[in-house]
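So you can see what is in the structure, the chains are spelled out below.
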Amino acid sequence: MAARVIPVDPFDLVIFGGTGDLARRKILPGLYRRFHAGQMPDTARIIGAARSEMSSDEYREFVRAAVIEFVSPALCEAEQVAAFLSRLAYVAIDARGDGGWAALKSEVRGDVVQAFYFSVAPGLFGDLAERLHAHGIAGPDARIVVEKPFGRDAASARALNQSLAAHFREEQIYRIDHYLGKETVQNLMAVRFGNVLFEPLWNAQFVDHIQISVAETVGVGGRGEYYDKSGAMRDMVQNHLMQLLCLIAMEPPNRFEPDAVRDEKLKVIRALEPVPADDIVRGQYRSEGDLPGYLDEVGSPESRTESFIALKVQVANWRWNGTPFYLRTGKRMAARLSEIVVVFKEPPHAIFGDEAGSEANKLVIRLQPDEGMTLTVTIKEPGPGGMRLIEVPLDMSFAEALGPENAEMPDAYERLIMDVIRGNQTLFMRGDEVEAAWRWTDPLIEAWEKRGDRPKPYRPGTSGPEDALALLHRDGRRWRDLEA
Ligand code: NAP
């Protein structure tokens, strides 16, 4: 059963920062894959924009190289690549200057969907919004797409929101969190709200706790200078982990519509309790062998920025009272993996006796690698050994369940860009959500900065500092192993 591809309406997509790393690795290859899948109408056009002087032909060569590098060779037939490149153009433009805007205006049509992707540093968002408006390029229904980081605290996020709101309505603004574009994340909503099986159990009465882990094996590498100003809390928790937490914890929206979903997510963020210092563990990876440590990589021996964080978070509402959410994310860890584990409570009475063993049911929602879901259930160990209980997985690996033609999931970016063209904001963060997330995050960061806490060192290739394990052990729980 091949996935259905529904073409989107004709569009002009302008990528500001069209020569940057994100455009090269994600946006342009993603657009090519959608083109190859037949989702782009014949008249769709993509216009790269950045300060560098280059002709449209030179830009096409740049994009050709990006497509060849980042798209599977099986999809790169010469005539398909050439047809895709024929839709491209390039305009040299400085977000802070006035040159190039007239040329851009002549490239962008008024009678198709207009989308402007701000794939540039956030400091340029306001300039771009203002000039698009001043030069009369963006029509009344034009969409703008902005990237993370969306601010570094509540005040800067509010200022960014205001700079965009000066020229665009909220319905026109698409704040990307690419975690929300993952197939499994949307499936999480389908599983929760499209079945009767889970929702009655989805509360503090039946769920013991929830774990959300996003682990990377790489260090900060070349991003050291940027990362050291941000750290794991700002870079990952405030946005990606928070969004995942919201989707797990939210009430069923009355319809699967943008504002209905986003209203429910916002209520979760507002219900988050402040986290006491004892419930936060911050870490920095050490050097080992040839591998440089965090402090070497950022070149700042006194840095107190965390490359790892684990937190115990409480959602103060009826549904979740007493069920903690344990979040952890870090670099240089044992595996590259993103997953959510919903750990259910054990049956109230052990009728098979304590010797039979018992395991709580778990729903493991895997975002990467191998997107899919697994529900573990308890069964009798086969054989004549008496009534002994073991845990087996009921597997829902998408690759197996849906057939090989669907095994390669569309990248989150390509899915989200198509949603922009369709005008569907469900999987994008609303301005008030982002600000609320910062309002919860800010006091936690301020508190550890004020105390002068130093992150705990941890060995590369592990699950982070020992204290992160203790965060669960002291509650009689343990993290699921980090196994890719
Ligand atoms: P990058 O590689 O530094 O690229 C920046 C792009 O912006 C280049 O095309 C650059 O081209 C252009 N640019 C810079 N100043 C400009 C100006 N004044 N006017 C017009 N264009 C200008 O950055 P990136 O990694 O692609 O990141 C872009 C945005 O996405 C950032 O906000 C970043 O935080 C976010 N992001 C990136 C990633 C990623 O994986 N790379 C992931 C998540 C979020 P010229 O120098 O020729 O102008």
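Keep in mind it's a predicted model, so treat the numbers as computed, not measured.

J.: Give me the site of the ligand: which residues, what numbers.
T.: Around the ligand, 21 residues are found, and the nearest of them are Thr19, Asp21, Arg25, Ser52 and Val120. One nitrogen or oxygen atom from the side chain of Asp21 is found 2.7 Å from a nitrogen atom belonging to the ligand. Arg25 is positioned with one of its side-chain polar atoms (N or O) 2.6 Å from an oxygen atom of the ligand. Here the ligand, which alone exposes 890 Å², has 73% of that area covered by the protein. Broken down by element, the shell around the ligand gets its largest block of residues, three residues, from helix 1 (residues 21-36). When its residues are assigned to classes, the shell around the ligand shows nine nonpolar, six polar and six charged.

J.: Describe the pairing of strand 8 (residues 280-285), with residues and values.
T.: Burial within strand 8 is extensive, with six of its six residues counted as buried. The alternating pattern of strand 8 places Ile280, Arg282 and Gln284 and Val281, Gly283 and Tyr285 on opposite faces, both of which are buried. Looking at chain direction, strand 8 and strand 9 (residues 308-313) are connected through four bridges and run antiparallel. If you follow Arg282 over to strand 9, its bridge partner there is Ile309. Of the strand pairs in this sheet, strand 8 and strand 15 (residues 456-458) are connected by three bridges, and their pairing is parallel.

J.: So what's going on with the side chain of Thr426? Residues and values would help.
T.: Tracing the backbone through its elements, the reader meets Thr426 in the loop between helix 13 (412-422) and helix 14 (431-451). Of the polar contacts made by the side chain of Thr426, one reaches the side chain of Asn424; its length is 2.6 Å.

J.: If you had to explain the packing of aromatic side chains to someone new, which residues and values would you point to?
T.: Under the counting rule described, the total for this entry stands at 17 aromatic pairs. Judged by centre distance (5.8 Å) and plane angle (40°), the rings of Phe16 and Trp101 are tilted. One end of the pair, Phe16, is in strand 1 (residues 11-16); the other, Trp101, is in helix 4 (residues 101-107), with 85 residues separating them in the sequence. Across the pair, exposure class does not vary: Phe16 and Trp101 are buried alike. Aromatic side chains Tyr32 and Phe84 sit 5.3 Å apart centroid to centroid with 80° between the ring planes, which places their arrangement in the edge-to-face category. Separated by 52 residues along the polypeptide, Tyr32 in helix 1 and Phe84 in helix 3 (residues 78-85) bring together distant segments of the chain. Residues Tyr32 and Phe84 agree in their burial class; the two are buried. Three or more aromatic residues joined by ring pairs form one cluster here, namely Phe16, Trp101, Phe116, Phe118 and Phe125.

J.: Outline helix 1, supporting the account with residue identities and numerical values.
T.: Its 16 residues place the ends of helix 1 22 Å apart at the C-alpha level, agreeing with the 22 Å of an ideal helix rising 1.5 Å per residue. Taken together, the buried positions of helix 1 are occupied by Leu22, Ala23, Ile27, Leu28, Pro29, Gly30, Leu31, Tyr32, Arg33, Arg34 and Phe35. Those residues of helix 1 that are buried are in contact with strand 1, strand 2 (45-50), helix 2 (56-70), helix 3, strand 4 (113-118) and helix 13. Backbone geometry just after helix 1 places Gly38 at a positive phi near 85°.

J.: Explain the packing of helix 5 (residues 125-134) against helix 6 (residues 154-165) to me, and be specific about the residues and the numbers.
T.: For the pair helix 5 and helix 6, the least separation of the axes is 8 Å and the interaxial angle reads 10°. For the element pair helix 5 / helix 6, the angle class is roughly parallel. Across the interface between the two elements, Phe125, Gly126 and Ala129 of helix 5 pack against Leu160, Ser163 and Leu164 of helix 6. When grouped by side-chain class, the residues that make up the contact of helix 5 with helix 6 number four nonpolar, two polar and no charged.

J.: Requested: an account of the pattern of salt bridges, with residues and values cited.
T.: The full count for this structure, using the stated rule, is 48 salt bridges. Taking the shortest distance from any N to any O, the salt bridge between Arg223 and Asp235 comes out at 3.6 Å. Linking Arg223 in the loop between strand 7 (207-215) and helix 8 (224-228) with Asp235 in helix 9 (residues 231-249), this pair joins segments that are 12 residues apart in sequence. Its relative accessible area of 3% is what places Asp235 among the buried residues. With a shortest N-O distance of 3.3 Å, Lys456 and Asp467 are connected by a salt bridge. Placement of the pair is Lys456 in strand 15 and Asp467 in helix 15 (residues 466-473), with a sequence separation of 11 residues.

J.: Tell me about the environment of Val420, and please be specific about residues and values.
T.: Mapped onto the elements, Val420 comes out in helix 13. By relative accessible area, Val420 is classed as buried at 3%. Sequence-wise, Val420 and Thr378 are 42 residues apart; in three dimensions their C-alpha atoms are separated by 43 Å. Not counting residues within four places of it along the chain, the set of residues in contact with Val420 comprises Ala115, Arg143, Val145, Tyr174 and Phe428.

J.: Describe helix 15, and please don't skip the residues or the numbers.
T.: Buried residues of helix 15: Ala468, Leu471 and Leu472, and no others. Angular distribution of buried residues about the axis of helix 15 spans 85°; they occupy a single face of the element. Tucked into the core, helix 15 has its buried residues touching strand 7, strand 8, strand 9 and strand 10 (325-330).

Calculation rules
- Residues numbered from 1 in each chain as written.
- Predicted model: local features only at pLDDT ≥ 70, side-chain atom pairs only at ≥ 80, totals over all residues.
- Heavy atoms only, no water.
- Near = heavy atom within 4 Å.
- Polar contact = N/O pair within 3.5 Å; in protein donor to acceptor, adjacent residues only side chain to side chain.
- Areas by Shrake-Rupley, 256 points an atom, 1.4 Å probe, with all protein chains shown as cover.
- Helix = DSSP H or I, 4+ residues; strand = E, 2+ residues; numbered from the N terminus.
- Nonpolar A, V, L, I, M, F, W, Y, C, P; charged D, E, K, R; others polar.
- Buried < 20%, exposed > 50% of the residue type's maximum accessible area, 1.4 Å probe, protein only.
- Pairing = 2+ DSSP bridges.
- Phe/Tyr/Trp six-rings, centres within 6.5 Å; stacked < 30°, edge-to-face > 60°.
- Expected span 1.5 Å × (residues − 1).
- Contact = heavy atoms within 4.5 Å.
- Axes fitted to C-alpha atoms, helices over the stretch in contact; angles between N-to-C directions.
- Parallel < 35°, antiparallel > 145°, perpendicular 65-115°, else oblique.
- Salt bridge = Lys/Arg side-chain N within 4 Å of Asp/Glu carboxyl O.
- Arc of directions from axis to C-beta.

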